[in-house]
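# Structural overview for review
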Amino acid sequence: ELQLVESGGGSVQAGGSLNLSCAVSGSTYKPTCMGWFRQTPGKEREGVAAAYVGGARSYYSDSVKGRFTISRDYAQNTVSLEMNDLRPEDTGMYYCAIECDRLWPGATTRWGQGTQVTVSS
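A short tour of the structure in this document, coming up. (Residues numbered from 1 in each chain as written. Predicted model: local features only at pLDDT ≥ 70, side-chain atom pairs only at ≥ 80, totals over all residues. Heavy atoms only, no water.)

Looking now at the overall build of the chain. Across its full length, the chain carries zero helices and eleven strands. Tracing the chain from N to C terminus, the helices and strands come up as β-β-β-β-β-β-β-β-β-β-β. Relative to the compact-globule value of 14 Å for 121 residues, the chain shows a C-alpha radius of gyration of 13 Å, a close match. Across the 121 residues that make up the chain, the buried fraction comes to 40%. (Helix = DSSP H or I, 4+ residues; strand = E, 2+ residues; numbered from the N terminus. Rg over C-alpha atoms; globule rule 2.2 N^0.38 Å. Buried < 20%, exposed > 50% of the residue type's maximum accessible area, 1.4 Å probe, protein only.)

And the structure:
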């Protein structure tokens with residue numbers, strides 16, 4: 001059965017960096033869209049970044065543009081999120097997703113278990 005296995009979360013000081021990774025496990029299915037979403041306490045889940053096959057198009061939320069980079073490794077069927085210059089407002093549970101529609105959480109039907117990112121000031 002297809003599973004999304006996330007890793008790379010942790011606790012860092014503001015200005016630090018983290019690299020998240022998500023691997024599609026249990027299936028050779030290659031999603032058209034893979035993305036990262038986050039859930040902040042007291043707020044709705046929001047799209048952070050999404051990438052489509054072939055690298056033809058990537059999407060970023062306004063709050064992370066210029067700081068985060070999403071990339072896919074098609075051979076390993078993984079997606080990564082390089083997060084730089086982290087800010088306290090980046091704190092949240094980050095979820096890997098497939099079957100996404102850009103940064104719209106409502107379109108996603110399959111999620112990873114989540115990996116916690118905590119940024120302190």
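One non-glycine residue, Asn-77, adopts positive backbone phi at about 55 degrees. By the secondary structure assignment, Asn-77 is in the loop between strand S7 (68–73) and strand S8 (78–83). The backbone phi angle of Arg-102 is positive, close to 55 degrees, even though this residue is not glycine. With relative accessibility at 41%, the residue Arg-102 sits in the partly exposed group.

Mapped onto the fold, Thr-78 is located in strand S8. The exposure class of Thr-78 is buried, given its relative accessible area of 16%. Ignoring sequence-local partners within four residues, the contact set of Thr-78 consists of Cys-22, Ala-23, Ser-71, Arg-72 and Asp-73. (Contact = heavy atoms within 4.5 Å.)

Put simply, side chains in a regular strand alternate between the two faces of the sheet. The buried fraction of strand S9 (residues 92–98) is high, at six of seven residues. Here S9 runs beside strand S11 (residues 115–120); their pairing, made up of three bridges, is antiparallel. From the neighbouring strand, Met-93 faces S11, where its bridge partner is Gln-116. Bridging between S9 and strand S10 (residues 110–111) involves two bridges; their strand directions are antiparallel. Residue pairing for S10: Ala-97 is matched across the bridge by Trp-111. (Pairing = 2+ DSSP bridges.)

Turning our attention to the pattern of salt bridges. In the structure shown here, the tally under the stated rule is five salt bridges. A salt bridge links Arg-38 to Asp-90, with the shortest nitrogen-to-oxygen separation between them at 3.0 Å. Here the residue Arg-38 occupies a position in strand S4 (residues 33–39), and Asp-90 occupies one in the loop between S8 and S9, the gap between them amounting to 52 residues. Asp-90 sits in the buried class, given a relative accessible area of 0%. Arg-102 is paired through a salt bridge with Asp-101; the nearest N and O atoms lie 3.1 Å apart. Classification of Asp-101 by relative accessible area gives partly exposed; the value is 24%. Salt bridges sharing common partners tie together Arg-38, Glu-46, Arg-67 and Asp-90. (Salt bridge = Lys/Arg side-chain N within 4 Å of Asp/Glu carboxyl O.)

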